[in-house]
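# Chain and residue survey
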Amino acid sequence: IALESADHLAGSGMPALSQLLSSGRPVQIFVRVLAHGNPGVSQDEDPFKHYRTELGYFGISHRQAVVSQASAARHQDLLRNFTAALGATRTSLHLINVGLRPTGEDNNLNAWLVAGAALEGRVHPSFLINPGVGDDSLERIDFSGNPQPELDWPIHDFVYLDRDGEQQTTEQAFTFADYALLIPKLNQHFAYIPESCESEELIELDDFLMLSQDEAAEKVPFVWAVGSDNRLHRLVVSRVLVLATLDRLNYWHTLQAMAGVRSSYIDIAAERARESLREEFDKERAELQAQFESEIESIRANSASEVM
């Protein structure tokens, strides 16, 4: 068993990690990961300065290694992945999100809460790649640990009290930016919107991410937050955080395609199948119509003959 930091593996330790993952030796590599950090940059740098280094994706490139990405907030998935890796008798990489380190500034946040939010916000998706199961990628991957895996972001009912004190229920998507609200060092990427500020250009972040580049240029994304007064407030999201959210969504789409949950190739194949069925139906309909018209003409001729 090897215990190592994500920062070291993404830096000077990467060549040795690659060599070990390709060796086939039954070594279990355990790595603690901060979901909001970037192992590819130093601790004092902005985690959004570069695209995030995904050690899980790096591990997947070593085709015969077991790669597990799990969360301490979901201990059953964590133990299931451990058991599968121990039974695989090959090199295994375990990337475990533990929420927050007790640095002083985040002691008031429950680490399990933060780790669970990272799973919900597609910050640290859950998956297990086990090459010993079979050659097909759908056999090798277990994607079941993710909430609502077919969607971009999990959507949940949100209950709140309006200005009149009436209880209201709406649906809200939980994005990477919503997770970032839990991290004190990332609070600089949000700005408060006064209640008196109303504009058609203000749009919720999950809807903003679906716009084209030209449409998005005219909109301002925001997320909802609950203040110390227990009231809902809107917070503008910085462009840097929006781009980081897009980057996490892009990685999520890559994992979805690998797991066969949602894939453009599957959509194309399904459309081709539908087109083929439509062509067969149109051909059959044309043949039946021609046969029907021929029978009508025959009946008309016979009837005319009988009348004569």
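Residues numbered from 1 in each chain as written. Predicted model: local features only at pLDDT ≥ 70, side-chain atom pairs only at ≥ 80, totals over all residues. Heavy atoms only, no water.

## Side note on the packing of aromatic side chains
Going through the model one piece at a time under the given rule, you end up with 6 aromatic pairs. With 6.0 Å between their ring centres and 85° between their planes, Tyr-57 and Tyr-251 make a pair best called edge-to-face. Taken together, the residues Tyr-57 in helix α3 (residues 55-60) and Tyr-251 in helix α10 (residues 239-259) connect sequence positions 194 residues apart. Relative accessible area serves as the criterion here: at 43%, Tyr-57 is assigned to the partly exposed category. Aromatic pair Phe-222 and Trp-224: ring centres 5.5 Å apart, planes at 85°, arrangement edge-to-face. One aromatic cluster in this structure is built from Phe-48, Phe-176 and Tyr-179. Cation over ring: Arg-234 sits above Phe-222, and NZ or CZ is 6.0 Å from the ring centre. (Phe/Tyr/Trp six-rings, centres within 6.5 Å; stacked < 30°, edge-to-face > 60°. Helix = DSSP H or I, 4+ residues; strand = E, 2+ residues; numbered from the N terminus. Buried < 20%, exposed > 50% of the residue type's maximum accessible area, 1.4 Å probe, protein only. Lys NZ or Arg CZ within 6 Å of the ring centre and 35° of its normal.)

## Looking at helix α5 (residues 111-120)
For α5, the buried fraction is high: 7 of the 10 residues fall into the buried class. By the burial criterion, the buried members of α5 are Val-114, Ala-115, Gly-116, Ala-117, Ala-118, Leu-119 and Glu-120. Of the surrounding secondary structure, the elements contacted by the buried residues of α5 are β3 (66-71), β4 (92-97), β7 (155-161) and α7 (176-180). Structurally, the start of α5 carries an N-cap: the backbone nitrogen of Trp-112 is 2.7 Å from a side-chain oxygen of Asn-110. (Contact = heavy atoms within 4.5 Å. Polar contact = N/O pair within 3.5 Å; in protein donor to acceptor, adjacent residues only side chain to side chain.)

## Observations concerning unusual backbone geometry
With a phi angle near 50°, Thr-89 is a residue other than glycine that sits in the positive phi range. Inspection of the secondary structure puts Thr-89 in the loop between α4 (75-86) and β4. Although it is not a glycine, Gln-148 adopts a positive phi angle of roughly 45°. Looking at the element boundaries, Gln-148 is found in the loop between β6 (141-142) and β7. The partly exposed category is assigned to Gln-148, whose relative accessible area is 24%.

## A word on the environment of Ile-96
Within the secondary structure layout, Ile-96 lies in strand β4. Separated by 24 residues in sequence, Ile-96 and Ala-72 have C-alpha atoms that sit 6.7 Å apart. Setting aside residues no more than four positions away along its own chain, Ile-96 makes contact with Phe-30, Val-31, Arg-32, Val-33, Ala-70, Ala-72, Leu-78, Phe-82 and His-124.

## Quick notes on the side chain of Thr-175
You can see Thr-175 is positioned in the loop between β8 (167-173) and α7. Within the structure, Thr-175 has its side chain in polar contact with the backbone nitrogen of Ala-177 (distance 3.3 Å). One polar contact links Thr-175 to Asp-178, side chain to side chain, over a distance of 2.8 Å. In contact with Thr-175, other than residues within four places in its own chain, are Gly-121, Trp-153, Leu-205 and Asp-206.

## Points about the pattern of salt bridges
Per the counting criterion, the structure on display carries 6 salt bridges. Its salt-bridge partner being Asp-77, residue Arg-80 comes within 2.9 Å of it at the nearest N-O pair. Of this pair, Arg-80 and Asp-77 both sit in helix α4, 3 residues apart, which is roughly one turn of the helix. The salt bridge partner of Asp-142 is Arg-80, with a shortest N-O separation of 3.5 Å. Residue Asp-142 is found in strand β6, and its partner Arg-80 is found in helix α4; the two are separated by 62 residues along the sequence. Among the ionic contacts, a cluster of salt bridges with common partners joins Asp-77, Arg-80 and Asp-142. (Salt bridge = Lys/Arg side-chain N within 4 Å of Asp/Glu carboxyl O.)

Note that all results are geometric; they support no functional claim without further evidence.
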